[in-house]
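Chains, contacts and geometry: an overview
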Amino acid sequence: MSGHSKWKNIMHKKEKTDAQRASVFTKIGKEISIAVREGGPDPVSNTRLRDLIQKAKANNVPNDNIERVIKKAAGGDGAQYEVVVYEGYGIGGVAVIVETTTDNRNRTAADIRHSFDKCGGNMGTTGCVSFMFADKGVIVVDGKTVADEDRFMEDVMECGAVDFTGDDGIFEVFTDPSELPSVRDALAEKGYAFLSAEVEKIPNTYVRLEDEEQRTKMNKLLGMLEDNDDVQNVWHNWEDDE
């Protein structure tokens with residue numbers, strides 16, 4: 001779950017076991033529930049819900065599952081989730097931010113703290129590492145809809161983006177957080193399709209771990225956090241060659 005190429009991680013998740021895919025479905029379902037509760041069940045007026053539906057489809061979540069979650073949330077049924085963010089340091093001073101969606105703060109806090117402790121890190125207080133990151137809108141464009149990269153670059157800048165990168169058929173467009181919806185809609189009008197569109201935390205600086213044991217423990221921490229159904233996103237500033 002790197003801080004600057006989250007979509008690569010999503011692609012990796014799609015190749016995992018059925019149980020792990022089910023965990024991805026669960027996490028997206030929680031996000032959809034919150035979006036419906038806060039903005040209503042209509043994806044036309046609720047742009048956050050619209051983006052999450054696209055994200056769910058990109059992760060092969062069946063339409064029936066998506067519709068069931070929306071209907072349940074609109075009816076006020078099910079757990080009442082809230083977003084809680086934790087911060088801390090992994091081994092070697094790697095800054096880590098963990099965004100969770102939970103219906104039990106005590107359980108989630110205990111689980112996140114255990115993950116840090118188990119892997120040589122420390123869970124800290126709010127604000128202890130967030131100053132090392134900047135919020136940016138990140139729109140992941142499906143490369144199948146990009147016929148001409150030069151034209152795409154022109155369109156991206158014309159639509160108000162600040163930067164973009166392209167690799168292996170995946171294009172990430174970066175925007176100011178407040179401009180994310182308008183840039184996304186402008187690109188959609190030009191015929192581009194999206195795999196996701198979210199505000200992410202991008203590291204200002206990166207940390208390298210030269211020791212193999214430290215890299216092993218850092219990978220273990222990220223794996224434990226990824227496997228926690230309450231965890232939605234993990235951002236960190238570990239620069240890993242792999």
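Anyway, here's the lowdown on the structure attached to this text.

Reading the values: the criteria
Residues numbered from 1 in each chain as written. Predicted model: local features only at pLDDT ≥ 70, side-chain atom pairs only at ≥ 80, totals over all residues. Heavy atoms only, no water. Axes fitted to C-alpha atoms, helices over the stretch in contact; angles between N-to-C directions. Helix = DSSP H or I, 4+ residues; strand = E, 2+ residues; numbered from the N terminus. Parallel < 35°, antiparallel > 145°, perpendicular 65-115°, else oblique. Left-handed = near helix turned anticlockwise from the far one by under 90°. Contact = heavy atoms within 4.5 Å. Nonpolar A, V, L, I, M, F, W, Y, C, P; charged D, E, K, R; others polar. Pairing = 2+ DSSP bridges. Patch = residues over 30% accessible without salt bridge, like charges linked within 9 Å, V, L, I, M, F, W, Y side chains within 5 Å. Areas by Shrake-Rupley, 256 points an atom, 1.4 Å probe, with all protein chains shown as cover. Salt bridge = Lys/Arg side-chain N within 4 Å of Asp/Glu carboxyl O. Lys, Arg positive; Asp, Glu negative; His and termini not counted. Charge placed at Lys NZ, Arg CZ, Asp CG, Glu CD. Buried < 20%, exposed > 50% of the residue type's maximum accessible area, 1.4 Å probe, protein only. Disulfide = S-S within 2.5 Å. Phe/Tyr/Trp six-rings, centres within 6.5 Å; stacked < 30°, edge-to-face > 60°.

A few points about the packing of helix H3 (residues 47–58) against helix H4 (residues 63–74)
Here H3 crosses H4 at 150°, and the two axes come no closer than 10 Å. When the axis of H3 is compared with that of H4, the two are roughly antiparallel. Of the two elements, H3 crosses H4, and the hand of that crossing is right-handed. Of the residues in H4, those touching H3 at Leu 49, Ile 53, Ala 56 and Lys 57 are Asn 63, Ile 66 and Ile 70. In terms of residue class, the contact of H3 with H4 is made up of 5 nonpolar, 1 polar and 1 charged.

Considerations on the sheet that holds strand S3 (residues 122–123)
Pairing is antiparallel across the open sheet formed by 4 strands, whose spatial order is S3-S1-S2-S8. Each end of this open sheet is capped by a strand with a single partner; those strands are S3 and strand S8 (231–236). Of the strands in this sheet, strand S2 (95–102) and S8 are in contact with helix H8 (residues 212–226), which crosses S8 at around 155°.

Things to note about a negative patch on the surface
Residues Asp 148, Glu 149, Asp 150 and Glu 154 make up a contiguous surface patch of negative charge. Looking at the element boundaries, Glu 149 is found in helix H6 (residues 149–158). Note on Glu 149: relative accessible area 54%, which makes it exposed.

A closer look at the sheet that holds strand S6 (residues 170–175)
Here 4 strands make up an open sheet; going across it, the order is S5-S6-S4-S7 and the pairing antiparallel. The sheet is open, and its two edges are formed by strand S5 (163–167) and strand S7 (194–203), each paired on a single side. Here the average twist between neighbouring strands, direction ignored, is 25°. Sheet topology places strand S4 (residues 133–142) next to S7; 9 bridges connect them, and they run antiparallel.

Focus: the state of the cysteines
Disulfides are covalent bonds that link the sulfur atoms of two cysteine residues. Taken as a whole, this structure holds 0 disulfides when the rule is applied. The thiol sulfur of Cys 119 is not disulfide-bonded, and the nearest other cysteine sulfur, from Cys 128, lies at 17 Å.

Let's talk about the packing of aromatic side chains
Counted according to the given criterion, the structure contains 3 aromatic pairs. Ring centres 5.4 Å apart and planes at 90° place the aromatic pair Phe 152 and Phe 164 in the edge-to-face group. With Phe 152 in helix H6 and Phe 164 in strand S5, the pair connects residues that are 12 residues apart, well separated along the chain. For Phe 152, a relative accessible area of 0% puts it in the buried group. Among the aromatic residues, ring-to-ring pairing joins Phe 152, Phe 164, Phe 171 and Tyr 192 into one connected group.

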